[in-house]
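Secondary and tertiary structure notes
Residue strings, one per chain:
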Amino acid sequence: MRSITVENGERLYLRYAYNDLVKNRGINAALVVTLVLSAFLMATGSMVLERLAGSISRLSEQGQPPDFLQMHKGAYDLPALTSFAADHEAEIDAWLVEEMLGYDSASLSWARPDTGENGDLAASRIDNLFVTQNTKFDFLVDETGDVVEPAAGEVYVPVLYQQQYGLTTGDVLTIRTGSGPHQLEVQGEVKDAQMAASLSPSSRFLVHPEDFDALRQAGGATPEIIAEYRLAAGGDANALQTAYEGAGGLPTNGQAITGQQLRIISMIGDGLVAFALVFVSLILIAIALLNLRFVIRGTLEDEVREIGAMKAIGIPDREISRLHLTKYSILALVGCVVGGLLAVVAANALTQGIQTSYAQAPVGIWTFVVPLIALAAVYVIVVGICRSVLGGVRKIEVVNALVHGSTLDEKQTARRAKRQARWVRRTGLASSSGAGVNGRLALLDLRAEGRAWVLVPVVFGLTAVLITLPANLVSTFESPRFVTYLGAPERDLRADVQFQEDVDAVKDRLVAAMADDDRLTDVQTYAYVDHTADTEDGPARLRVATGNQPDEGEVRFSEGGPPQDGQIALSVLNADKYQVAVGDDLTIDAGDKPITVQVSGIYQDITDGGHTAKMPGEVTEGASAYTVYADLADDGADPGGIADDYDEQFPTAGVKPTQEYLRETLGVLIDSMRSAAWVALVFGLGVAVLITSLFLKLRLTRDRSKMGVLSAIGFSAKELVGQLRTRTLLVVAAGTVVGLVFAATAGQSLASAGLAAVQLGITDLTFIPNPWLVYVLYPLLLLGAGYLGVAVLTAGIRRADKSQWIREQGNNS
């Protein structure tokens with residue numbers, strides 16, 4: 001026997017695998033499709049992430065973005081910046097101050113002289129900043145990575161606008177200034193290592209210094225600057241930021257960002273679909289493993305007599321297992337190879353936009369290693385679970401296998417017989433008639449074969465989680481109540497008065513107008529005042545919103561509640577930055593002298609980089625910015641129309657409905673989430689139909705004798721099909737309900753953990769689902785997927801020869 005195994009073993013394994021693949025084409029095809037999808041999604045997701053990281057890295061090499069930057073609107077002290085750089089000469093390799101002119105999107109329009117086409121950029125939600133090319137670092141580059149130098153009268157537009165509006169060379173861009181229109185000819189697009197991320201709130205247009213001076217003199221723009229720093233080798237951007245904010249006298253009227261935060265923002269905004277593909281792949285791998293486990297166990301039961309015969313003639317258990325393992329190894333290998341090849345095509349398509357926005361990612365060793373690791377992981381996991389399940393061959397007893405055709409030992413057989421006897425006694429059919437008999441038989445079969453049927457509810461439970469989690473995230477971020485995650489109350493209108501020299505005067509006029517407006521009620525003002533507080537690395541800026549703080553529940557607090565007199569509430573990231581918890585004391589420099597306040601609560605916020613704070617009180621002047629909230633007196637009034645009225649009166653106040661503010665802040669992120677949700681829905685429903693069909697094909701093969709007997713005693717084909725459909729829909733419904741409950745509870749915790757990991761400022765997310773979508777439409781789609789699978793597989797039962805099923809069982813016995 002050993003000599004035969006040594007000489008012909010591999011050929012025997014391959015021949016056995018080939019025969020089984022041919023014999024069970026449908027089952028094996030379904031398994032291969034599942035494995036292909038799993039490998040395809042895992043490889044695609046990993047390749048997109050690798051390409052995205054490579055594109056970001058390549059653009060960083062070309063554009064040389066800052067390691068730390070501080071945006072600022074308003075006057076600033078250049079000597080103070082020079083002194084700060086001199087004091088940190090050992091840490092700073094280079095620094096610069098970039099001057100910018102900001103325009104509202106409605107102030108920009110374009111025309112195409114060749115065709116007469118024209119339009120404007122009013123629909124854009126981002127700030128438009130006109131700049132000149134830097135000389136030290138933070139360069140704007142073209143598609144080849146070269147530093148762009150426009151001539152007078154020319155403008156290079158951001159790649160985003162080239163993609164969104166189709167702006168091309170030769171188009172004319174018109175800027176509405178205080179002195180009239182200023183026209184520039186579009187010469188191409190530029191890539192921006194600092195503001196390329198889809199989540200970036202700003203974008204830069206590159207012009208010649210002469211045009212920049214002309215725009216500045218024409219008026220109508222908001223002057224801004226960015227203080228930018230490149231660190232020496234080994235420098236710490238966070239430590240430099242802390243030193244900058246604690247120095248005092250430096251421009252801080254804007255957001256501070258480190259290079260690491262820029263990379264995280266880029267990966268989140270543009271990599272969300274890739275993360276979704278990996279998540280979908282993990283769910284599909286779990287489903288594939290469940291299917292393999294089910295199929296392998298079914299195969300062992302179907303071939304138990306052959307296995308018993310092989311064991312009786314002395315073939316070792318290990319060799320018997322290898323006969324079956326060879327087939328599944330081949331299936332896994334085919335799935336990984338086909339999935340990997342398809343992933344190459346899909347990844348190229350998905351990364352076109354990424355490489356257009358960033359840079360052409362270089363092809364290196366990781367380009368090949370990353371997808372190979374992903375595919376190898378899928379293969380190893382699949383083969384590992386197959387090997388584990390096939391270990392059950394050792395437990396098969398020769399006598400039971402040959403005589404009873406059972407994979408169970410004597411004790412297990414006896415226990416099963418007792419359970420079945422109890423079920424028969426408790427569930428007689430004497431009291432049932434008509435349709436009741438069919439329903440009762442369906443339930444009895446589920447009770448008797450519960451372990452065999454458990455695959456379907458588990459698969460549909462996983463699929464329900466797969467499709468509802470992304471949908472819940474989208475509906476949560478789109479909900480008007482999500483504004484409470486932005487550190488703000490849920491109000492109808494919001495006005496932001498900031499980044500201008502007469503901020504106090506504009507605020508006073510705006511508040512007075514709103515207070516006298518009968519259409520508005522409950523006008524509240526919050527002033528933003530800069531303080532400093534100590535961190536482990538020294539004093540750092542603490543921007544505090546001061547005013548009549550909202551009541552309990554109006555802002556999302558993860559711990560504690562709103563501050564009272566002598567208290568302060570901190571955002572999650574600020575609490576971590578200053579290493580304090582609810583009830584701790586925090587000493588802040590309030591200008592005249594340090595004061596100690598108690599932390600009343602920690603709330604979630606993703607605005608201003610997630611670093612915000614709140615204190616009660618009243619500040620009437622001297623603040624760096626103000627936010628004014630108001631509600632509509634008439635619930636049926638149009639907040640958009642009222643906001644437009646105030647925009648005409650106060651064009652620098654930024655009055656808008658709160659919902660529009662949410663869309664501007666989170667629009668790109670929500671769009672990415674929606675794409676991920678569609679990916680999950682399409683693949684989830686497709687797999688649900690596939691797995692239902694696979695499972696039922698195996699069940700129909702195994703239950704032929706039972707159905708033949710039922711047909712022989714008078715049950716019609718329609719009744720047999722009805723019983724099978726009833727069983728299927730019951731387990732599909734049960735799995736769907738369990739999946740929905742899991743998604744709403746544990747899934748919510750998983751989403752919170754994921755958001756906390758990327759440090760957006762949210763650590764405890766509460767879903768705000770769309771009930772019609774998640775609890776009505778999606779369950780109906782899953783039930784429909786289950787019904788489609790059973791309908792396809794039972795279509796041929798009415799034409800089948802039921803007597804042949806009984807004869808097959810007799811021949812097998």
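Procedures and definitions
- Residues numbered from 1 in each chain as written.
- Predicted model: local features only at pLDDT ≥ 70, side-chain atom pairs only at ≥ 80, totals over all residues.
- Heavy atoms only, no water.
- Helix = DSSP H or I, 4+ residues; strand = E, 2+ residues; numbered from the N terminus.
- Buried < 20%, exposed > 50% of the residue type's maximum accessible area, 1.4 Å probe, protein only.
- Contact = heavy atoms within 4.5 Å.
- Core = buried A, V, L, I, M, F, W, Y, C linked by side-chain atoms within 4.5 Å.
- Phe/Tyr/Trp six-rings, centres within 6.5 Å; stacked < 30°, edge-to-face > 60°.
- pLDDT = per-residue confidence, 0-100.

Attention shifts here to the environment of A569. Structurally, A569 can be placed in strand β17 (residues 567-571). According to the relative accessible area criterion, A569 is buried, its value standing at 0%. Every residue in contact with A569, bar those within four places of it in the chain, is listed here: F557, G561, P563, S600, G601, Y603, A613 and K614.

With that out of the way, let us pick up the nonpolar core. Core analysis: the largest hydrophobic core is formed by 92 residues, its most contacted members being L31, V295, Y328 and V382. Among the elements that take part in this core, helix α2 (residues 25-63) stands out by supplying 17 residues, more than any other. Discounting chain neighbours no more than four positions away, the residues touching L31 are N291, L292, V295, Y328, L331 and L694. Judged by nonpolar contacts, the second largest core, of 28 residues, contains I268, V465, Y526 and F767.

It is worth spelling out the packing of aromatic side chains at this point. Following the criterion strictly, the structure yields 15 aromatic pairs and no others. Measuring from centroid to centroid gives 5.4 Å for Y103 and F130, while their planes differ by 85°, and the two rings are edge-to-face. With Y103 in strand β2 (residues 92-103) and F130 in strand β5 (residues 127-131), this residue pair connects regions lying 27 residues apart in the sequence. For the ring pair Y229 and Y244, a centre distance of 6.1 Å and an interplane angle of 70° mean the geometry is edge-to-face. Of the two residues, Y229 sits in strand β11 (residues 222-231) while Y244 sits in helix α6 (residues 237-247), which places them 15 residues apart along the sequence. According to the relative accessible area criterion, Y229 is buried, its value standing at 0%.

When pLDDT is averaged along the protein chain, the result is 81; 84% of the residues meet or exceed 70. Within the protein chain, the element-level pLDDT minimum falls on helix α25 (residues 802-812), averaging 51, and the maximum on helix α5 (residues 209-218), averaging 93. With pLDDT under 50 throughout, residues 1-7 is counted as low confidence; its partners more than four residues away or in other chains account for four contacts. A low-confidence stretch, residues 430-434 (pLDDT under 50), is modelled with three contacts involving residues beyond four sequence positions or located in other chains.

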